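Observations on the three-dimensional arrangement
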Amino acid sequence: MSKKQFYIYKGFERFWHWMQAILIFFLAFTGFEIHGTYSFFGFRDAVRYHNVAAYMFIGLIVFAIFWHLTTGEYKQYIPTLVNIKAQLNYYIFGIFRNAPHPTKKTVLSKLNPLQKLTYFGLKILVIPLSLTSGLLYIFYRYPSRHGIKAINIETLEVIAIVHTVAAVLLVAFIITHLYLITTGETLTSNLKAMLTGYEELEDMHHTEQKEKK
Ligand code: HEM
């Protein structure tokens, strides 16, 4: 089957992806300083920067939800069990034996089944956990410093544990994601696609696939 360049990641999608990458990286970096893992900005500044990045992240999430709903792109993330075993087998065995990718990327289905499941989990579980525990952290800690109990929680412990667990899961995701970026058709094809929007795909005669002029 012949290959052609197709436009798979739109402008907003790429902006959202890279902003999200920068913000999550920065939130993790300042967050683990707050946690006490190392010292870089100093605790006070780390908290200040973490809060600013957190509000930017929330703003980005609001725009991303709007974009996904209005364009219908949210459908790309609906998880499926079809081919999940084949995809797992590929990452564990096939990839080391030069086997072909078990699922084909198209404009209407650009995520493989494992990506759908992972991103869906991030969107409905890990990121909401991180965000809600982060907001609870803010509204518990800061107002109560001035004697106002904004929310009626006895201790920060559970909030801190949930927030830290979500942070560790996000960092684990980023590490895996960085490796998986390199496992496209070529070492850099996935990265190039997220930078330019275009990727070389098999021409499946899909009229909906927008070709590069
Ligand atoms: C909108 C999202 C977020 C909000 C509102 C938020 C807010 C906060 C707040 C208020 C603190 C406590 C600061 C203090 O002790 O004074 C904190 C701590 C922390 N944050 Fe976030 N954060 C968010 C997202 C993230 C993300 C995405 C990560 C990592 C990937 C992260 C990692 C951490 C870590 C590791 C700590 C230290 C937790 C501890 O030791 O108890 N945060 N965050």
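Here's what I pulled together on the structure shown here.

Positionally, asparagine 112 belongs in the loop between α3 (84-92) and α4 (113-145). You can call asparagine 112 buried: its relative accessible area is 9%. Separated by 3.2 Å, the side chains of asparagine 112 and tyrosine 91 make a polar contact. Dropping the residues within four chain positions of it, asparagine 112 is found in contact with Gln87, Tyr91 and Thr103.

Angles at a metal have ideal values that depend on geometry: 109.5 degrees with four tetrahedral donors, 90 or 180 degrees with six octahedral donors. Around the iron atom of the ligand, the protein contributes the donor atoms His50 (NE2) and His163 (NE2), at 2.0 Å from the metal centre. The site at the iron atom of the ligand holds six donor atoms, and with the angles between them running 87 to 180°, its shape is octahedral. Residue histidine 50 is found in helix α2 (residues 43-71), and its partner histidine 163 is found in helix α5 (residues 157-181); the two are separated by 113 residues along the sequence. The burial state of histidine 50 is the same as that of histidine 163; both residues are buried.

For the pair helix α1 (residues 11-35) and α2, interaxial distance at closest approach is 9 Å and the crossing angle is 155°. In terms of orientation, α1 and α2 fall into the roughly antiparallel class. At the point where α1 passes α2, the crossing takes the left-handed sense. Each residue belonging to the contact of α1 with α2 can be placed in one class, and the counts come to 21 nonpolar, five polar and two charged.

Moving on to the packing of α1 against helix α6 (residues 189-196). Helix packing for two helices is described by the angle between their axes and how far apart those axes are. Contact geometry of α1 with α6 gives a least axis separation of 8 Å together with a crossing angle of 115°. It follows from the interaxial angle that α1 and α6 lie roughly perpendicular. Contact with α1, carried on its side by Arg14, His17 and Trp18, involves Leu191, Ala193, Met194, Leu195 and Thr196 of α6 and no other residues of that element. Residue composition of the contact of α1 with α6, by class: five nonpolar, two polar and one charged.

Now for unusual backbone geometry. Where the residue is not glycine, phi is negative for most of them; where a peptide bond is considered, it is trans in most cases. Positive phi, close to 70°, is recorded for asparagine 83, a residue that is not glycine. Locating asparagine 83 in the fold gives a position in the loop between α2 and α3. With a phi close to 60°, asparagine 98 is a non-glycine residue in the positive phi region. Mapping asparagine 98 onto the fold places it in the loop between α3 and α4. On the basis of relative accessibility, which here comes to 74%, the residue asparagine 98 falls in the exposed class.

Another aspect to go through is the pattern of salt bridges. With the rule as written, the count across this model stands at six salt bridges. A salt bridge links glutamate 185 to lysine 3; the shortest N-O distance between them is 3.9 Å. Placement of glutamate 185 in the loop between α5 and α6 and of lysine 3 in strand β1 (residues 3-7) is noted, with a sequence separation of 182 residues between them. Residue classification places lysine 3 among the partly exposed positions, given a relative accessible area of 40%. Salt-bridge contacts for glutamate 73 lead to lysine 110; the nearest nitrogen and oxygen are separated by 3.0 Å. Here the residue glutamate 73 occupies a position in the loop between α2 and α3, and lysine 110 occupies one in the loop between α3 and α4, the gap between them amounting to 37 residues. For the pair glutamate 73 and lysine 110, one class covers both residues: buried. Through salt bridges with shared partners, a single network forms among Lys10, Glu13, Glu73 and Lys110.

Calculation rules
- Residues numbered from 1 in each chain as written.
- Predicted model: local features only at pLDDT ≥ 70, side-chain atom pairs only at ≥ 80, totals over all residues.
- Heavy atoms only, no water.
- Helix = DSSP H or I, 4+ residues; strand = E, 2+ residues; numbered from the N terminus.
- Buried < 20%, exposed > 50% of the residue type's maximum accessible area, 1.4 Å probe, protein only.
- Polar contact = N/O pair within 3.5 Å; in protein donor to acceptor, adjacent residues only side chain to side chain.
- Contact = heavy atoms within 4.5 Å.
- Donors = N, O, S within 2.8 Å, 3.2 Å for Na, K, Ca; no water.
- Tetrahedral: all angles 85-135°; square planar, octahedral: opposite > 155°, others 65-115°.
- Axes fitted to C-alpha atoms, helices over the stretch in contact; angles between N-to-C directions.
- Parallel < 35°, antiparallel > 145°, perpendicular 65-115°, else oblique.
- Left-handed = near helix turned anticlockwise from the far one by under 90°.
- Nonpolar A, V, L, I, M, F, W, Y, C, P; charged D, E, K, R; others polar.
- Salt bridge = Lys/Arg side-chain N within 4 Å of Asp/Glu carboxyl O.

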